[in-house]
Amino acid sequence: MADKSKNILIIGAGTIGASWAALFLAFGHSVHIYDIRKDVQDFVHDELQLMLKTLLPELSDSRRNVLVGRVMYELRLEEAAANPTLSLIQDNGPENIEYKQTLWANIEKVAPKEATFISSTSTITATIQSKFMQDPTRLIVAHPFNPPHLLPLVEIVPGEHRDESRVEALMDFFKGCDREPVYVRKETEGFIGNRLAFLLLRESLHLVEQGVVSAEDIDKVVTSSLGIRWSIDGPFRSYHMGGGRGGLKHFLTHLGPAIGSVWKSAGTPDLSPELIETAANQTHEAYGSVKDEMFEQRDRLTREVLKMRDETRREHEELTHDTKPFIFCTSIKVREGGTSPESAYP
Ligand SMILES: NC(=O)c1ccc[n+]([C@@H]2O[C@H](COP(=O)([O-])OP(=O)(O)OC[C@H]3O[C@@H](n4cnc5c(N)ncnc54)[C@H](O)[C@@H]3O)[C@@H](O)[C@H]2O)c1
């Protein structure tokens, strides 16, 4: 087991919790799971088998079975949270304010003093969730993109009361799991990634509603242009180059009036039943019903894109800064000093 191995309690192991469990196991951490669903062991077992196949494709079936068998299922939450060896307690339960506020107030009473509490919430800030806690600095939002065992981003969003050393330690933990934590310094609705994504979705729905273009063609536009560019460059680096040698300043000065005019014409559609029906029908016509194979395909192809993106990221860093080298494993890349996935191999 890796020397930086942590003991982690995952509360709620549905879509997101099971995916975190796969990642933590792959990086040599010990995983305890508490979930109220009756079939939690069967569900998590099947999910982990699939996810670990993608995450550690070189692992033999028998070694993967041993890894999956290491998960400890807990029956009583308060007993589980009182385990003195826990470093992290993570909630991936329902997106419900009352549930999360009650959960943390109760957990705080029994959890070891050093343990940090993290929430995968998409919308409920740490300040709101920690309302009934004695020490709200112990709770930090660590918002992933689905599925967190594949997509590297983790938005780290502490509340109004924060302990910078705890935030930094959490950032280091996620870096050690080959994630890319981004410190969101002010709590903002939807954090960052979803704010950006939902704006694109809003304009996409507006264009479909206005009959400018079909849902399928919007997907084509994104995957044949912006999507490719954005896995290499974000909007700032990308438009910095868009301005030629004059950089972003020239780009925004030169094209500013045109950009402003497009912003003014952007749509603000209501999510009316008619619009939902139109968008859903067009999407169904293009792709049919959602099938299990689509998830397998999405995850496999995402890994391929990630391999290319990791190489690009390394080249960017070399070009811009002198940074720490990366070590490339056959399937997962880890930063020097991070926990190695090999250490998780039984
Ligand atoms: N699904 C996404 O795309 C996504 C992305 C980022 C963040 N999130 C956040 O992750 C969290 C979980 O979302 P999800 O999509 O995995 O939901 P989900 O419904 O798939 O899973 C929730 C799990 O919590 C369990 N649960 C319910 N009540 C519980 C309780 N009292 N104690 C313990 N477990 C309980 C359920 O049995 C279920 O297994 C939410 O806060 C959500 O905002 C979701």
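For the structure, see preceding data.
Let us look at the structure shown here. Predicted model only: the values in this text are computed from it and were never measured.

Quick notes on the rules
Residues numbered from 1 in each chain as written. Predicted model: local features only at pLDDT ≥ 70, side-chain atom pairs only at ≥ 80, totals over all residues. Heavy atoms only, no water. Core = buried A, V, L, I, M, F, W, Y, C linked by side-chain atoms within 4.5 Å. Buried < 20%, exposed > 50% of the residue type's maximum accessible area, 1.4 Å probe, protein only. Helix = DSSP H or I, 4+ residues; strand = E, 2+ residues; numbered from the N terminus. Contact = heavy atoms within 4.5 Å. Axes fitted to C-alpha atoms, helices over the stretch in contact; angles between N-to-C directions. Parallel < 35°, antiparallel > 145°, perpendicular 65-115°, else oblique. Nonpolar A, V, L, I, M, F, W, Y, C, P; charged D, E, K, R; others polar. Pairing = 2+ DSSP bridges. Right-handed = clockwise from strand over helix to strand, strands pointing away.

What follows is about the nonpolar core. The biggest cluster of nonpolar side chains holds 39 residues, and the ones touching the most others in it are Phe24, Ile33, Leu48, Leu52, Ile156 and Phe174. When contributions to this core are tallied by element, the ones reaching two or more residues are strand E1 (7-11), helix H1 (15-26), strand E2 (30-34), helix H2 (40-55), helix H3 (61-69), strand E6 (139-144), strand E7 (153-158) and helix H7 (164-176). For this core, the element with the highest residue contribution is H1, accounting for eight residues. Apart from residues lying up to four places away in sequence, phenylalanine 24 is in contact with Ile8, Ile10, His29, Val31, Gln90, Phe173, Phe174 and Cys177. Within the second largest apolar cluster, 21 residues are counted, among which are Ala115, Phe117, Met133 and Leu139.

A few words on the packing of helix H10 (residues 235-242) against helix H11 (residues 247-265). Two numbers describe how H10 lies on H11: the axes approach to 6 Å, and their chain directions differ by 80°. The angle between H10 and H11 places the two elements in the roughly perpendicular class. Taking contact as the criterion, the partners of Phe236, Tyr239, His240 and Gly242 in H10 are, on H11, Gly247, Leu248 and Phe251. Classifying every residue of the contact of H10 with H11 gives four nonpolar, three polar and no charged.

Residue proline 147 is bonded to the preceding asparagine 146 through a cis peptide linkage, with omega at -5°. Positive phi values are uncommon outside glycine, yet aspartate 178 reaches one of about 60°. Note on placement: aspartate 178 falls in the loop between H7 and strand E8 (180-183). The phi dihedral of phenylalanine 191 is positive, around 55°, even though this residue is not glycine.

For the rest of this paragraph, the subject is the pairing of strand E4 (residues 88-91). Covered by surrounding structure in E4 are Leu88 and Gln90 together with Ile89 and Asp91, the residues of both alternating faces. Pairing of E1 with E4 involves four bridges; the strand directions are parallel. Among the inter-strand pairings, leucine 9 is bridged to a residue of E4, identified as isoleucine 89. Both E4 and strand E5 (residues 116-119) contribute to a ladder of four bridges, which runs parallel. Paired with glutamine 90 across the two strands is isoleucine 118, which belongs to E5. Tracing the backbone out of E4, into helix H5 (residues 97-110) and back to the parallel element E5 gives a crossover that is right-handed.

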